[in-house]
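Descriptive structure summary
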Amino acid sequence: IKKIGVLTSGGDAPGMNAAIRAIVRTCTYHHVECIGIFRGFQGLVEGDFEPFGPRDVNYIINKGGTILKTARSETFKTAEGRKKAYENLKKEAVDALIVIGGDGSFTGAMILSKEFDIPVMGIPGTIDNDIRGTSHTIGFDTALNTVIDAVDKIRDTASSHKRLFFVEVMGRDAGHIALNAGIGAGAEEILIPEENLGMDRLLESLKKSKKSGKSSSIVLVAEGEKLGKNVFELGEYVEQNLPEYEVRVSVLGHMQRGGAPSCFDRVLASRLSVKAVETLLEGKKNYMVGLINDKVELTPLEQAVKGHSPIDMELLRVSDIISI
Ligand code: F6P
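Quick caveat: nothing in here was measured; it's all calculated off a predicted structure. Here, residues in each chain are numbered from 1, in the same order as that chain's written sequence. In keeping with the model being predicted, local features are shown solely for residues with a pLDDT of at least 70 and side-chain atom pairs are shown and tallied solely at 80 or more, while totals for entire chains, interfaces and linings include all residues. Each side-chain value is worked out from all heavy atoms of the structure, with water and hydrogens disregarded.

A word on the site of the ligand
The cut-off we apply is this: Distances are taken per atom, and a residue is near a molecule or strand as soon as one of its heavy atoms is within 4 Å of it. Nitrogen and oxygen atoms within 3.5 Å of one another constitute a polar contact, given that in protein one can donate a hydrogen and the other can accept it, and given that sequence-neighbouring residues count only through two side-chain atoms. All accessibility values rest on the Shrake-Rupley procedure with a 1.4 Å probe; residue burial counts only the protein chains present in the view.
Close to the ligand lie R72, T126, D128, M170, G171, R172, E223, H254 and R257. Between the ligand and R172 there is a distance of 3.3 Å, counted from an oxygen atom to a side-chain nitrogen or oxygen. Isolated, the ligand exposes 400 Å² of accessible area, and the fraction of that covered by the protein chains is 75%.

Spelled out as structure tokens, the structure:
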């Protein structure tokens, strides 16, 4: 392998730049060229490439977003689009591809690899932490810190007004952000798609919490979980059924995807990226690099895209105990 292409795809995540930087520099270290591909698979289809050297990635380890930009490409989903993508890779003499993104991005990479025999490696980058084969995805830790910072602030006003807040956090169909940030911010209840709490139990728990003398309550809601209602309807329903509560709703939204990556995410991105390049140079292909028991390990891409990483149900128990 003489030339490696790298792209970021799907939703951006803090730490993607740290990964790009580490990939470029690991390539240089091993005397391999590195090509940056802009706007994910869309840039691959359009041939939006640029050679990257170690000085092109100065001062980006601390930056949120991705300097390579990202996109969700419809063209790449077609056979014709993928053919164009492969032709562009050949034209630029790119021998292997590293994709930083989530399971959708890995699926795209796998299809390309099968159709045209191009070695690919996946690096998990998404704030949702919903990928099998790694305990942490790049961006998850930073997003958690952003969420607890926001919820701490909401707690100040909630407690001054003695209000109940429903705070919706990201996680398309996974509760990792809600569960972990919920514990970290001391939420009274956490609603995640992996566990069906049910409306009655939610009302019961909020009643209990009021009786116990709490001056404010925070319910963290994963965007994938609404108990059949959107978060505003959920708030209204609770206010109607528990008139002792004054309810407000706050949707944190895309601020969770931005900001300087935490030290954890920078170190994670660097470790995974070095391994991704070196794995390709060893002649291996179609793996995802991930963190398992704090060791960087390989998981076949085919397995990594099979369903989401499971929730640690013990965390729910911990939350129940400490929110009493
Ligand atoms: O997958 C990351 C994520 O931030 C999800 O948590 C969220 O549902 C989705 O992306 C939002 O996507 P978009 O930025 O395209 O609205």
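A word on the pattern of salt bridges
Just so we agree on the cut-off: What makes a salt bridge here is a side-chain nitrogen of Lys or Arg within 4 Å of a carboxyl oxygen of Asp or Glu, nothing more.
Taken as a whole, this structure holds 17 salt bridges when the rule is applied. Here the residues in one salt-bridge network are R39, E46 and D48, joined through shared partners.

Observations regarding the sheet that holds strand β4 (residues 96-101)
Where we set the bar: When DSSP locates at least two bridges between a pair of strands, those strands are taken to pair. Under the scheme used here, helices are H or I runs from DSSP no shorter than 4 residues and strands are E runs no shorter than 2 residues, and both carry numbers assigned from the N terminus. Between the N-to-C directions of two axes lies an angle of 0 to 180 degrees, each axis being a line fitted to C-alpha atoms and, for a helix, fitted only over the stretch in contact.
Strand order in the open sheet made by the seven strands is β3-β2-β1-β4-β5-β10-β11, with mixed pairing throughout. At either end of the open sheet lies a strand with only one pairing partner, and these are β3 (49-52) and β11 (295-300). Neighbour-to-neighbour, the strand axes of this sheet turn through a mean angle of 30 degrees, independent of strand direction. Bridge count for strand β1 (residues 3-8) against β4 is five bridges, and the pairing is parallel.

Let's talk about the UniProt feature "binding site: ATP" (unreviewed entry) in the protein
Selection criterion: UniProt positions are given in the numbering used here, feature names are shortened, and annotations may be inferred rather than shown by experiment. Whether a residue is buried, partly exposed or exposed follows from its accessible area with a 1.4 Å probe, protein chains only, as a fraction of its type maximum: under 20%, in between, or over 50%, in that order. Contact definition: two residues touch when any of their heavy atoms are within 4.5 Å.
Mapped onto the present numbering, the UniProt feature "binding site: ATP" (unreviewed entry) falls at G11, R72, S73, G102, D103, G104 and S105. The greatest C-alpha distance among the residues just named is 14.2 Å, despite their covering 95 residues of sequence, which places them together in space. With respect to the helices, strands and loops of the structure, S73 is situated in the loop between β3 and α3 (79-91). Taking the relative accessible area as the measure of exposure, S73 reaches 10% and is therefore buried. Not counting the four nearest positions on each side in its chain, S73 is found in contact with F41 and Q42. Here the side chain of S73 touches T75 through a polar contact of 3.4 Å, landing on its backbone nitrogen. Tracing the backbone shows G102 in the loop between β4 and α4 (103-116). The residues touching G102, leaving out its near neighbours within four places in the chain, are S9, G125, T126 and I131.

A few points about the nonpolar core
Put simply, the test is: Note on terminology: a nonpolar core comprises buried Ala, Val, Leu, Ile, Met, Phe, Trp, Tyr and Cys residues joined through side-chain atoms within 4.5 Å.
Counting 59 residues, the largest nonpolar core has I23, I98, I123, I218 and L220 as its most contacted members. In terms of residue count, the dominant contributor to this core is helix α5 (residues 140-161) (eight residues). Not counting residues up to four positions away in its chain, the partners in contact with I123 are I23, I98, V99, I100, G101, F106, I138, L272, S273, A276 and V289.

Concerning the state of the cysteines
Note the following rule: What counts as a disulfide here is a pair of cysteine sulfur atoms lying within 2.5 Å.
Here the structure, examined in full by the defined rule, presents zero disulfides. The closest cysteine sulfur to the non-disulfide-bonded C34 is located on C27, 4.2 Å from its own sulfur.

A closer look at the side chain of D12
By secondary structure assignment, the location of D12 is in the loop between β1 and α1 (16-29). A distance of 2.7 Å separates polar atoms of two side chains, one belonging to D12 and the other to R257. Contacts of D12, omitting those with residues within four sequence positions, involve G65, T66, T70 and R257.

Notes on the pairing of strand β8 (residues 217-222)
Our working rule: Think of it like this: strands point away, you trace from the first strand over the helix to the second, and a clockwise trace means the crossover is right-handed.
With six of its six residues buried, β8 lies for the most part within the structure. Covered by surrounding structure in β8 are S217, V219 and V221 together with I218, L220 and A222, the residues of both alternating faces. Relative to β8, strand β6 (residues 164-169) runs parallel, the two being bridged by six bridges. Looking across to β8, one finds that V169 is bridged to A222. The pairing of strand β7 (residues 189-191) with β8 spans three bridges and is classified as parallel. Residue L191 lies in a different strand from β8, and its bridge partner there is V221. Handedness of the β-α-β unit built from β7, helix α7 (residues 199-211) and β8 comes out right-handed.

Things to note about the sheet that holds β7
What the four strands build is an open sheet, ordered β7-β8-β6-β9; its pairing is parallel. With one partner strand each, in any of the chains shown, β7 and β9 (247-251) form the two edges of the open sheet. Each neighbouring strand pair of the sheet contributes to a mean axis angle of 20 degrees, computed without reference to strand direction. As defined by bridge partners, β6 adjoins β9 across five bridges and the pair is classed as parallel. Note that in β9 the partner of V167 across the bridge is S250.

A short note on the environment of F116
Checked against the element boundaries, F116 lands in helix α4. With 33 residues separating them in the primary sequence, F116 and K83 have C-alpha atoms 8.4 Å apart. Once you skip the residues sitting within four places of it in the chain, F116 turns out to touch R82, K83 and Y86.

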